[in-house]
Amino acid sequence: MPGAEGFESAFGRKLDAPAYCLIWTTTPWTLPANVATAVNPRVDYALVRFSSEKLGKGYTVVAQDLLEQVRESTSFDSFEKVSACKGEALEGVTYDHPFMERKGRTILADFVTVEDGTGVVHIAPGHGVDDYVVGMQHGLDLVSPVDHRGCFTDEGERWKGVNVHEADPMIIEFLLGEGLLVGNSKLSHSYPHCWRCKSPVIFRATPQWFVRVDHNGLRRKMLDAIDETRWIPAWGHDRISGMVKDRPDWCISRQRSWGVPIPAFHCNECSQTVLNAEILDAVQTYVSKKGTDGYFAAHANEILPEGYRCPECGSTALEKEKDIFDVWFESGSSFRAAVMSHPQLSFPSDCYLEGTDQHRGWFQLSILPALAAYDEKPVKTIVTHGFIVDEWGQKLSKSRKKVKKSKYDVTAAHDCVRAFGADVVRLWISSVDYREDVMFSEDIVGRLKGSYFAIRNCFRFMLGNLSSFDESQMLDYEELPELDRWVLAELKRVTASAAKFYESFEFHRVFSTVKTFCEVTLSSDYFDMVKDRLYCDPFDSNSGLAARTVLFHLATSLAKVLSPVLVHTCEEIWERLSKHGDLEESVHLAYWPDIPAQWDSDELRDEYGLLFKVRYAVRKRLEELRSRNVINRNEEARVSLFAEGVSERNVLARRLDTLADLFKVAQVELHDEATDEMTQDGTLAGLFIAVRRSEYGKCERCWNHRESVGTRDKHPELCDRCYSAVKTMLEAE
């Protein structure tokens, strides 16, 4: 009940009955801790005269905009506005707590609204963040009559020992009995809950240990360190910077019976907290022998140096601090044990990797202790990933046991590996852009099997054709045909791109680059064009050895490039490759491919880029002939070409002898002008093509149609190349 003179001064009116503060709350258990009421200084408040069966006649204050709402929701017999004032006029009005031996006062607060309630807010600084902050600003007493179990202490008087949630109905019943409750109803609203156990959170103010973020310019140092750190993706810099600019001091203490203890002691005589280098050394010595469990069980004098006295009053009556460190303090300072304690490792660390939620957690709380203790940031690069979500966009977490319609517990990595294989799962992870949330389903991962087997089959082709080949048989670069030198130039480009993407943590671009190289450049193009050399030329011929030399380079380089992803597959490949050359014991002990600068050739890549465009244009025409049954196989076709551009025509002319092998046809003719039978290609400007069936016979060994077939008396069924190969093999026998 406020002093009448307070309301009389605010409203400029004499009061002839008692005055009351009318508040509402959704947490009746916090009423014993009330020390103030808050009003908004800019809101209009009405002085209302009321009458009630138990309180009789009296006055109260209600926000003017809420008068009708309050009238309808309360049990007053009469309710009449008699005066009004701004909220700022009510500052300092004192009142008696309705059932505790305590006085309170009215303060001003901008967070008070007129959306619900009465416009007068009950303030309990011991049980709410906003209340605590405003309480500190106004010098209010900090009353928190609730212990660590959530039960009222002695200060809770009549509800001592009762859990706060169980006390709610008791307090309501008490207020009704005293006539102090004029409205009571159930309300559904948002309330903080523990993310882990889903129980309602109880706020209570207790003594804690803090790290002052602004001590010795620590906040500024953190912001500078954030600027100097490499953030992937880049928006992580702005996100964490905004958080650090506004973050409060760090509360590093927790009230639990397990964890890492805070090594401080309290004097029972003078209440001084003792924490100095001598005590820290004593605690470190004791814990190194007995462990933290021994620390918790020991008496203070078992830990402290013999005869240790309080530096303030000289008393020996010291007790251990019961609080433990916040677990974030442990993980945030993990760099001290992980890298600083091992001379073979470096500090700062190269990289931290965690989810987007750790801008507020581990990332921040690693930078802070490193700067505070060593004036050095703990890490050079911080990589942030999104979360795994299901097909419906819902986050997968430990609290979810199964994905809808799924027979696998996808929250357990071993279940994914059991279902799909470790390397398929790793390939899927490398294929997605982890910087955003990643959708997971069995079908999505299953689809990566096709890409995995395409890469694996690419290696199988290379390994199969390296049988009986030895590193000593490898040819020098200058001895290789132009096609082989082109694919080595492509290999250099791919390895350089992959290295750049690995360094920038763009693993999905490594995947797409290598996948395209294996499936298109190698399997569809290069392998298709060298099969004849591998299968039909003599094994020790320059053409065959050149192809195998290139296959060895391709296989060893690609195994190294893919080894961070396909760890098991590449190790298996490496084991096979070791039979053909002097390689490291494991692919994971090998260095990144050291591609000679000589292999790099923009000219070759550009010219072969044109040749492959022509090859694809020719193949479209060949498909038309096969669909009309003019030919059954591409090798039966005869191709005529004309290119309008001089440079294009020169590129084709210089390689006229190899175009048949390049296009996998019987013969290729290059004309000086377009003939009547030629038609212009629709995709490559200036290119004219004619395709018809070749009159050449089919070689029974290589199945190519060549002019030399049938021209010899001996083995007329063979082309010249195959005849020479057979003759060489027969002579060798």
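In this text, all values refer to a predicted model and were calculated from it rather than measured experimentally. (Residues numbered from 1 in each chain as written. Predicted model: local features only at pLDDT ≥ 70, side-chain atom pairs only at ≥ 80, totals over all residues. Heavy atoms only, no water.)

**Some remarks on helix 11 (residues 362–374)**
Thought 1: Taking 1.5 Å as the rise per residue, helix 11 with 13 residues should run 18 Å; its terminal C-alpha atoms sit 18 Å apart, in good agreement.
Thought 2: Burial within helix 11 is extensive, with ten of its 13 residues counted as buried.
Thought 3: The first or second residue beyond helix 11 is aspartate 375, which carries a positive phi of 55°. (Helix = DSSP H or I, 4+ residues; strand = E, 2+ residues; numbered from the N terminus. Expected span 1.5 Å × (residues − 1). Buried < 20%, exposed > 50% of the residue type's maximum accessible area, 1.4 Å probe, protein only.)

**Things to note about the environment of valine 39**
Thought 1: Note on placement: valine 39 falls in strand 2 (residues 36–39).
Thought 2: Each C-alpha atom of the pair valine 39 and aspartate 238 lies 37 Å from the other, and the pair is 199 residues apart in sequence.
Thought 3: Not counting residues within four places of it along the chain, the set of residues in contact with valine 39 comprises Tyr45, Gly87, Leu90, Thr106, Ile107, Leu108, Ala109, Val112, Gly119 and Val120. (Contact = heavy atoms within 4.5 Å.)

**Re the packing of aromatic side chains**
Thought 1: Counted by the stated rule, this structure contains 29 aromatic pairs.
Thought 2: With 6.3 Å between their ring centres and 80° between their planes, phenylalanine 335 and tyrosine 374 make a pair best called edge-to-face. Taken as a pair, phenylalanine 335 in helix 10 (residues 334–338) and tyrosine 374 in helix 11 lie far apart in primary sequence, 39 residues in all.
Thought 3: Classification of tyrosine 374 by relative accessible area gives partly exposed; the value is 37%.
Thought 4: Taking the centre distance of 5.8 Å and the plane angle of 90° together, the rings of tyrosine 502 and tryptophan 592 count as edge-to-face. A residue pair is termed long-range when its members are at least 10 positions apart, and tyrosine 502 in helix 15 (residues 482–503) and tryptophan 592 in the loop between helix 18 (567–577) and helix 19 (602–627) qualify at 90 residues.
Thought 5: Accessibility expressed as a relative area gives 34% for tryptophan 592, which makes it partly exposed.
Thought 6: Three or more aromatic residues joined by ring pairs form one cluster here, namely Tyr434, Tyr502, Phe505, Phe507 and Trp592.
Thought 7: Positioned above the aromatic ring of tryptophan 703 is the side chain of lysine 698, whose terminal nitrogen or guanidinium carbon lies 4.6 Å from the ring centre.
Thought 8: Sitting above the plane of the tyrosine 723 ring, arginine 712 keeps its charged end 4.6 Å from the centroid. (Phe/Tyr/Trp six-rings, centres within 6.5 Å; stacked < 30°, edge-to-face > 60°. Lys NZ or Arg CZ within 6 Å of the ring centre and 35° of its normal.)

**Points about the pattern of salt bridges**
Thought 1: Applying the stated rule across the entire model yields 36 salt bridges.
Thought 2: In this structure, the salt-bridge partner of arginine 149 is aspartate 147, at a minimum N-O distance of 2.9 Å.
Thought 3: With its nearest N and O atoms 2.9 Å apart, the salt bridge here joins arginine 493 to glutamate 490. Note that arginine 493 and glutamate 490 are positioned in helix 15 at a spacing of three residues, about one turn of the helix.
Thought 4: Taking the relative accessible area as the measure of exposure, arginine 493 reaches 34% and is therefore partly exposed.
Thought 5: The buried category is assigned to glutamate 490, whose relative accessible area is 9%. (Salt bridge = Lys/Arg side-chain N within 4 Å of Asp/Glu carboxyl O.)

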